[in-house]
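If you want the building blocks of each chain, they are given just below.
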Amino acid sequence: MSTQRTTVLTGITTTGSPHLGNYVGAIKPAIASSREPGMNACFFLADYHALIKCFEPERIRQSTLEIAATWLALGLDTNTTTFYRQSDIPEIAELTWILNCVCAKGLMNRAHAYKAAVQDNIDRGEKPDYELSMGLFNYPVLMAADILMFNAHRVPVGKDQIQHLEMARDIAQRFNHRYREVFVLPEAAVQEQAAVMPGLDGRKMSKSYDNTIPLWLTEKQLKKHINRIVTNSKEPGESKQADESALFPIYAAFASAEQQQTMVRSLNEGLAWGEAKKIVFEHINTELAPARERYHALIERPEHIEEILMAGAAKARLYSRPLIEQVREAIGISRLCSAK
Ligand code: TRP
């Protein structure tokens, strides 16, 4: 029987400010899983992935700072986990090239994100590959390198990333088959909650829909955003269903089963939307307030965050360096004779 620890790994692309959907769907459950016994947790800032869609250097820098501060403010323990910036691990870029030579081009042709971009061009009367970069096309190979580099078993992701995990498995399998068994076949751990966390307008909470509630708003701003959640025109006293507005699912992502039941009952009994919003605000604010203070203290000290990231990279490379040596050895790129 193996006593090996389970490696859980996930990354967040550094293109924007973290919102409630990122918190509930990705960061909070990832931190919780890092505290389970027998877990080896690797969390990183996917800054090379950011280059695929963001051409504003300052925005990438700022987002890297904000997302790093977010993980730390929410209680990630960097002593027991490995927390790093993707671009600080040169072995990932090296592995990406090697995996590019293993990956079938046809596999990438089938990637949803690439196909959607092509379709979008065609719909707008452009050439299919108009303004598409090799980075966008290759994105899943870089993601496979992120995952395979640390032989991750479990990868918590949103539903939209399942195909990328299947591609990472496919690439790992091809490599293992062509050369020798080097890589673990990773599995997606899908966050159901992430799939249902709606934004202000009821569609999935996403930067691209401009319907997010940023995570680190002041109390006043948070209240304002919650007040903007779309409801219907039912009057106070009129019976309401929980699924008539995004308000309830947003609350549900934070509240216990019992609290959710109480809210459903109160709405059925005619609780005013405005009153329900007050309850939701109080609840979310209470959960976030202590971390909010830590976040603001951290963001004021980028040099402290930088130190943590450098230490994280050093720790990550204790794993990635020997692994890339194994890979190079397996493919025939290594010293001609062993060094004395
Ligand atoms: N592509 C992921 C996203 O957009 C982010 C990411 C990059 C990632 N590399 C990863 C997630 C490796 C999990 C594992 O959400």
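Right above here is the structure, for reference.
Residues numbered from 1 in each chain as written. Predicted model: local features only at pLDDT ≥ 70, side-chain atom pairs only at ≥ 80, totals over all residues. Heavy atoms only, no water.

Participant: Can you lay out the pattern of salt bridges for me, pointing to particular residues and giving the numbers?
Facilitator: Within this structure, the stated rule accounts for 13 salt bridges. In this structure, Lys28 and Glu287 form a salt bridge, with 2.9 Å as the shortest nitrogen-oxygen distance. Of the two residues, Lys28 sits in helix 1 (residues 20-34) while Glu287 sits in helix 13 (residues 273-299), which places them 259 residues apart along the sequence. For Lys28, a relative accessible area of 32% translates into the label partly exposed. Ionic pairing is found between Glu244 and Lys234, a salt bridge with its closest N-O pair at 2.7 Å. A residue pair is termed long-range when its members are at least 10 positions apart, and Glu244 in the loop between helix 10 (219-227) and helix 11 (247-252) and Lys234 in the loop between helix 10 and helix 11 qualify at 10 residues. Taking relative accessible area as the criterion, Lys234 reaches 27% and is therefore assigned partly exposed. Put simply, Arg85, Asp88 and Glu306 are held in one network by salt bridges that share partners. (Salt bridge = Lys/Arg side-chain N within 4 Å of Asp/Glu carboxyl O. Helix = DSSP H or I, 4+ residues; strand = E, 2+ residues; numbered from the N terminus. Buried < 20%, exposed > 50% of the residue type's maximum accessible area, 1.4 Å probe, protein only.)

Participant: Lay out unusual backbone geometry with the relevant residues and their values.
Facilitator: One non-glycine residue, Asn151, lies in positive phi territory at about 45°. With respect to the secondary-structure elements, Asn151 resides in the loop between helix 7 (134-148) and strand 4 (154-157). Non-glycine residue Asp210 carries a positive phi angle of around 55°. Looking at where Asp210 falls in the secondary structure, it is placed in the loop between helix 9 (192-196) and helix 10.

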